[in-house]
Structure formats: structure tokens, C-alpha cells
Amino acid sequence: MEKDKSWTAPLEGEQPPRVRRKEINRQQLLLRPVEVEKLVEKDHPVRAIWELVGRLNLESFYAGIEAIEGVAGRPVWDPRLLISLWIYAYKEGVSSAREIARLCQYHPAYQWLTGLEVVNYHTLADFRIRHKEALDRLFIEVLGVLSHEGLITLERVMHDGTKVKACASDKSFHRRATLQDHLRLAREQVEQMGDPESEELSQRVAKAQQRALRERQQRLEEALKELEQMGASRSEPSEKKETRASSTDPDSRVMMGAKGAYGPSYNVQISTDAEAKIIVGVGVTQAPTDAAELEPAVERIEANLGEKPKQMVVDGGLTNQATMEAMAEKQVDLIGALAERRGVAEKRMKQRGVSPDFYPQAFEYDASADCCRCPAGKVLLYETEERSGASVRRRYRAKASDCRGCAFQAQCCPGTKRGRSVVRSEATPEMAAFQAKMETPEAQAIYKQRAGVAEFPNAWIKDKIGVRQFRLRGLVKVTLEAVWACLTYNICQWIRLCWNPQQLA
Ligand code: SF4
């Protein structure tokens, strides 16, 4: 550092000279010019979003607008702007309407979009949920652009499901009696509500409180309806397994998440084209497993792009008999894993303390007598048939007396008083053909690509966009939130792979 030559050390007993510092004046008012166009650089992604949204057909967003030229009334915000605001916000991991409204006040990218205006958060929040059909069309429009760029081929589509937390806590799940108590209380409170005009509180606060109470009553009524539906779908309802529903988000279901933890969630189903990792279909279900989700996924892709994918690649959670039959009927080539199922069975055996020499594959099936033979040579007779989806699993059991006197009991069925049982899944022609196909090196090589393609958008949506938990409640609204997130993902792929800022005027 260069030494200040004008400064000399004070002599002994002398006061050092006072340093001249710049004062910070926070009381001043400033007026300064802002050149809006220069708030963001030429290659800023917010310009790409504005440009792309401007190219799309937004007719369905404009259709319901009542403010028209030549008629009295206030103009409305342009849907192009509101769409661009939401897409840019999601891209930056912002999913709150209030936060966007706040960012409009000072963030250069949001200011550039709005031209230094501030959009009210009510307008933003309403816009996000009011245009379901128009949003679906917008998603398809963007797919059209990406397809035109050659980024979608439908030659190979990877499908995967991911659990996203609902906007509800574990404690919001109650049995019927508790929900009825809460509903009675909520109705009483609604009845006791006074006229907001005569409230001591400000009218705004009083109206907000009334709205909150009515919404709570509505949610509790919905929760009781959900309980009825859940009860009706159960073949053998029992007191022990009395169902519960959430009083906060009645549509949510308790599901097992990625790390094995259970919580109120939704199951988001995402289909990704392998060519450039573009999401070609998105859906949200209340099903805790993915077992029945492939057929609807293929139908969604066909509805979005006008043709079926040639090949679907899935994990072991979707390779069941019903799925295989459905894909065979649709003439869609299915690639997937079966090994995980065997892995699950083996894990259970291990937990029960069964030795690997006595896993189900060690039991020989005799088709002529329809029975199994154990490693000790004893016969296991047919006992029951179990249905899981459309697949049929037949259970065979050894006599208790055979196992009690067997030298292998400690390795084969430790701790059981009944005879050992094994379950056999019937291999239909589709299943047999699928198993043979999956043993080929070509199929295994394709399957190896699955995780890299299918799990990439899931991770991106959770980590970059921040959709680890939905902000909205109810199946319809969370589906909208999922579509906004996937639309943002696809637009980001377009920016990354296609956008050329040099072409801008
Ligand atoms: S325990 Fe029962 S099933 Fe197992 S090997 Fe012995 S006899 Fe067979």
C-alpha cells in the first residue's frame, strides 16, 4: 500500500489531526433519473422470458377480460406481464405473490418488466389460480416452440413420480369425531360473527377475520367429505384403521417421502423427453404410489403433443402387470426395472431374519400339482390369491407341523408358529416378454439413462424453483402450481438451448 506522504506522525504530547470522513445522510430525499431499459443487461434472462411469452398465443388469457377500448373503466395488467412476472419469479425460487409485489418495488429485473410500476399481490395471486385452461394451453404452446426447435422427439420419454409436501402439518389430520367437533365450533363462530360495518376493529380486519372463519368451515366440510370418499373406497373398513383427513388441506394424503419419512403430500408425476430433458407432461395425484400412473401419463403426453411416445422408461415402482398390459395395448415400448421388487422382498426377508438360502427363489414350483417344494423337500400347498392392482399373487404354505420339526426352521421361518409361506407372481405373456427384454444389454443400457433424465427436472424443480412444499391447497390448485413450475423449467431449457440475445433489436 502506498504511504501517504502528506501525513507526519504527531510529536509526543501533540494531538493527532482529525480525519475528514464522508458523512452518511439518511435524511435526504433524492430525485434521480432511471433509464428503465438499462436496468438489466442485454442478455438478462428476464428479457428472454418477456420475448418468448410475447411470441405465444395468449388469446385464452385475454378472453375473460372485461376492460376494453372505448368503454369506461380502469385498464388491467397485461397477461403477458403477469405471466412473465410469475415465470421469472419461479425461476428465481420465488413462489409468493406478496414477495413478487415487494420485489417490484426495488429489484431491477422486476422493475424492468413492470416499467417501475408495482403490481398488487392480490392481482398476482388471483392470476396464478384463475386461468387453469389457459395455463394448460400455454404449457402446450411452449412445448410447440420446443418441438419446433427439435428439442422434443418422443422417441424416448422417462417418467418418474416425486412427493411434494402439502401446505398442511401432520397435526392437521383428524378422525371423523374430531373434525365434526371442529366443524360445529366453526359454524357457531360463523353464526356469532357480527356485521363488519359495526365492528370495533377496522372493517378491513373484520372482513378478513370473517373470510378466514368461513374458509375454515369450508375446509372442515371438505375434510369430512374426503373421509366419506376414502371410507367408500376401502373394501374392508375397520375401526382400527379409521381414516383421517387434514382440516387444513383435505385433498392431501399422508405419503412416504424420498427419505422414508411420512407426511401430508401430493404425488407429482413428471414425464421428460430424453432428447433435451424437456418436460412433456405433468400431473398431480393423491395416490401414495406410482403403480397406476403410467397410463394417465402417456395420455397426457398424447393430449399435449398429439402423438404417443414411442418408448417409456420407468423405475421399478411402475413395472407391474397392469402397466405392461396398458403399454402393450397402446403399442408403447416399456423399459423398466423389475429387480427392485425382488430387492424389496429380500429386504423384508432379511428384516425377519430369514437366511438367503431360504429366500423365495429357493422354493421350487411344481406346475403339475400347483404347489411349491421347500429346500427340505416338504410341500407348500396353495393357500390364497392376493390381488395388487391387476397383478395376481398366489400364496403357498407349508404345514405348521412340518416346520416345527425341521432342522432349518431358525434359518427359514424364525419366530413363526404357522408354517412358512411363499408368494408366487404369475408371469403373464406380457410379463415374461418384458423380463426377457430387460435381460438384453440394449434394454439395460437404456435403463441406465433413466435416473439422469427423469430425476433431473424433479431435482431442478425442488432445488432451483424451490417447490419442496406447495404454497396452495387443494388438488386443483397444487396441480396449477406444479404446471407453473414445469412451465418455468421448460422456458429455462429454451433460454439455455435456444435463446440468442444478439438477435434482439
Ligand atoms: S422350515 Fe418348513 S418350509 Fe422351511 S425348510 Fe423346513 S420344512 Fe421347509
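Details of the structure are given in the entry above.
Here the structure is a predicted model, which is why all the values come from computation and not from measurement.

Asker: Can you lay out the overall build of the protein for me, pointing to particular residues and giving the numbers?
Answerer: In terms of regular secondary structure, the protein is built from 18 helices and 13 strands. The globule rule puts the C-alpha radius of gyration for 505 residues at 23 Å, and the 31 Å found for the protein is more than 25% above it. Along the first, second and third principal axes, the C-alpha set of the protein runs to 100 × 80 × 65 Å. Counting only residues that meet the buried cut, the protein has 40% of its 505 residues in that class. Summarising the internal contacts of the protein: among those between residues at least 6 apart in sequence, 68% fall at separations of at least 24. Here the protein has roughly 30200 Å² of accessible surface; of this, 49% comes from carbon and sulfur atoms. Side chains of the protein carry 76 positive and 71 negative charges; the gap between the two charge centres is 6 Å.

Asker: Provide a residue-level description of the site of the ligand, including the pertinent values.
Answerer: All residues in the neighbourhood of the ligand are listed as Phe358, Cys374, Ala376, Lys378, Asp402, Cys403, Cys406, Gln409, Cys412, Cys413 and Arg420. Broken down by secondary-structure element, the contributors of at least two residues to the shell around the ligand are helix 13 (400–404) and helix 14 (409–412). Of the residues that constitute the shell around the ligand, the class distribution is seven nonpolar, one polar and three charged.

Asker: Describe in detail the packing of aromatic side chains, supporting the description with residues and values.
Answerer: Taken as a whole and judged by the stated rule, the model has eleven aromatic pairs. Ring centres 6.2 Å apart and planes at 65° place the aromatic pair Phe456 and Tyr489 in the edge-to-face group. A residue pair is termed long-range when its members are at least 10 positions apart, and Phe456 in helix 17 (residues 450–463) and Tyr489 in helix 18 (residues 475–497) qualify at 33 residues. Classification of Phe456 as partly exposed rests on a relative accessible area of 32%. Overall, the relative accessible area of 0% leaves Tyr489 in the buried class. Site record: aromatic cluster; members linked through ring pairs are Phe61, Trp86, Tyr90, Phe127 and Trp484.

Asker: An account of the side chain of Asn458 is needed here, citing residue identities and associated values.
Answerer: Tracing the backbone through its elements, the reader meets Asn458 in helix 17. Excluding anything up to four places from it in sequence, Asn458 contacts Asp160, Gly161, Thr162 and Ile270.

Asker: Outline a nonpolar patch on the surface, supporting the account with residue identities and numerical values.
Answerer: Taken together, the side chains of Val254, Met256 and Tyr262 define a hydrophobic patch exposed on the protein surface, amounting to about 320 Å² of accessible area. Topologically, Val254 is positioned in strand 4 (residues 253–256).

Asker: Tell me what's going on with the pattern of salt bridges, and back it up with residues and numbers.
Answerer: All chains considered together, the criterion is met by 16 salt bridges. Taking the shortest distance from any N to any O, the salt bridge between Lys38 and Glu35 comes out at 3.7 Å. Of the charged contacts in the structure, one is a salt bridge between Glu155 and Lys310, with a shortest N-O distance of 3.4 Å. Taken together, the positions of Glu155 in the loop between helix 7 (132–148) and strand 1 (157–165) and Lys310 in the loop between helix 10 (294–305) and strand 7 (311–314) put the pair 155 residues apart, joining distant regions of the chain. Given the relative accessible area of 44%, Glu155 is considered partly exposed.

Asker: Hey, could you go over the side chain of Arg253 for me, with residue numbers and the actual values?
Answerer: Mapping Arg253 onto the fold places it in strand 4. Residue Arg253 is classed as buried on the basis of its relative accessible area of 16%. At 3.2 Å, the side chain of Arg253 and the backbone oxygen of Pro250 are in polar contact. Of note is the side chain of Arg253, whose polar atom sits 3.3 Å from the backbone oxygen of Asp251. Not counting the four nearest positions on each side in its chain, Arg253 is found in contact with Phe173, Glu226, Met230, Gly263, Pro264, Ser265 and Gln286.

Asker: Outline the packing of helix 17 against helix 18, supporting the account with residue identities and numerical values.
Answerer: Packing of helix 17 against helix 18 leaves a shortest axis separation of 10 Å and a crossing angle of 110°. Comparing the axis directions of helix 17 and helix 18 gives the class roughly perpendicular. Across from Phe456, Pro457, Trp460 and Ile461 in helix 17, the residues of helix 18 making contact are Ala485, Cys486, Tyr489 and Cys492.

Asker: Tell me about unusual backbone geometry, and please be specific about residues and values.
Answerer: Of note, the phi angle at Leu154 is positive, near 60°, even though the residue is not glycine. Along the chain, the position of Leu154 falls in the loop between helix 7 and strand 1. Phi is positive for Gln331, close to 60°, though the residue is something other than glycine. The exposure class assigned to Gln331 is exposed, which follows from its relative accessible area of 71%.

Asker: Give a description of the pairing of strand 1 that names residues and reports values.
Answerer: The element strand 1 is extensively covered by neighbouring structure, given that seven of its nine residues are classed as buried. Bridging between strand 1 and strand 5 (residues 262–273) involves nine bridges; their strand directions are antiparallel. Counterpart to Thr162 in the pairing with strand 5 is Val268. Where strand 1 lies against strand 7, two bridges are found, and the strand directions are parallel. Bridge pairing in strand 7 places Val157 opposite Met312.

Asker: Which residues make up the packing of helix 7 against helix 10, and what are the values?
Answerer: Working note: a packed helix pair is described by the angle between its axes plus the distance between those axes. The interhelical angle for the contact between helix 7 and helix 10, taken along N-to-C directions, is 75°, at an axis separation of 9 Å. Comparing the axis directions of helix 7 and helix 10 gives the class roughly perpendicular. On the side of helix 7, the interface is formed by Phe139, Ile140 and Leu143, while helix 10 contributes Ala303, Asn304 and Leu305. Residue composition of the contact of helix 7 with helix 10, by class: five nonpolar, one polar and no charged.

Asker: Lay out helix 17 with the relevant residues and their values.
Answerer: Here helix 17 is 14 residues long and its end C-alpha atoms lie 19 Å apart, about the 20 Å a rise of 1.5 Å per residue gives. The sharpest bend along helix 17 reaches about 35° and sits at Phe456, with the proline Pro457 one to four residues further on. If you check which residues of helix 17 are buried, you get Arg450, Val453, Ala454, Pro457, Asn458, Trp460, Ile461 and Lys462. Taken together, the buried residues of helix 17 touch strand 1, strand 5, strand 6 (278–285), strand 7, helix 16 (441–448) and helix 18.

The rules we used
- Residues numbered from 1 in each chain as written.
- Predicted model: local features only at pLDDT ≥ 70, side-chain atom pairs only at ≥ 80, totals over all residues.
- Heavy atoms only, no water.
- Helix = DSSP H or I, 4+ residues; strand = E, 2+ residues; numbered from the N terminus.
- Rg over C-alpha atoms; globule rule 2.2 N^0.38 Å.
- Buried < 20%, exposed > 50% of the residue type's maximum accessible area, 1.4 Å probe, protein only.
- Contact = heavy atoms within 4.5 Å.
- Areas by Shrake-Rupley, 256 points an atom, 1.4 Å probe, with all protein chains shown as cover.
- Lys, Arg positive; Asp, Glu negative; His and termini not counted.
- Charge placed at Lys NZ, Arg CZ, Asp CG, Glu CD.
- Near = heavy atom within 4 Å.
- Nonpolar A, V, L, I, M, F, W, Y, C, P; charged D, E, K, R; others polar.
- Phe/Tyr/Trp six-rings, centres within 6.5 Å; stacked < 30°, edge-to-face > 60°.
- Patch = residues over 30% accessible without salt bridge, like charges linked within 9 Å, V, L, I, M, F, W, Y side chains within 5 Å.
- Salt bridge = Lys/Arg side-chain N within 4 Å of Asp/Glu carboxyl O.
- Polar contact = N/O pair within 3.5 Å; in protein donor to acceptor, adjacent residues only side chain to side chain.
- Axes fitted to C-alpha atoms, helices over the stretch in contact; angles between N-to-C directions.
- Parallel < 35°, antiparallel > 145°, perpendicular 65-115°, else oblique.
- Pairing = 2+ DSSP bridges.
- Expected span 1.5 Å × (residues − 1).
- Bend = angle between axes of the 7 residues up to and from the residue.

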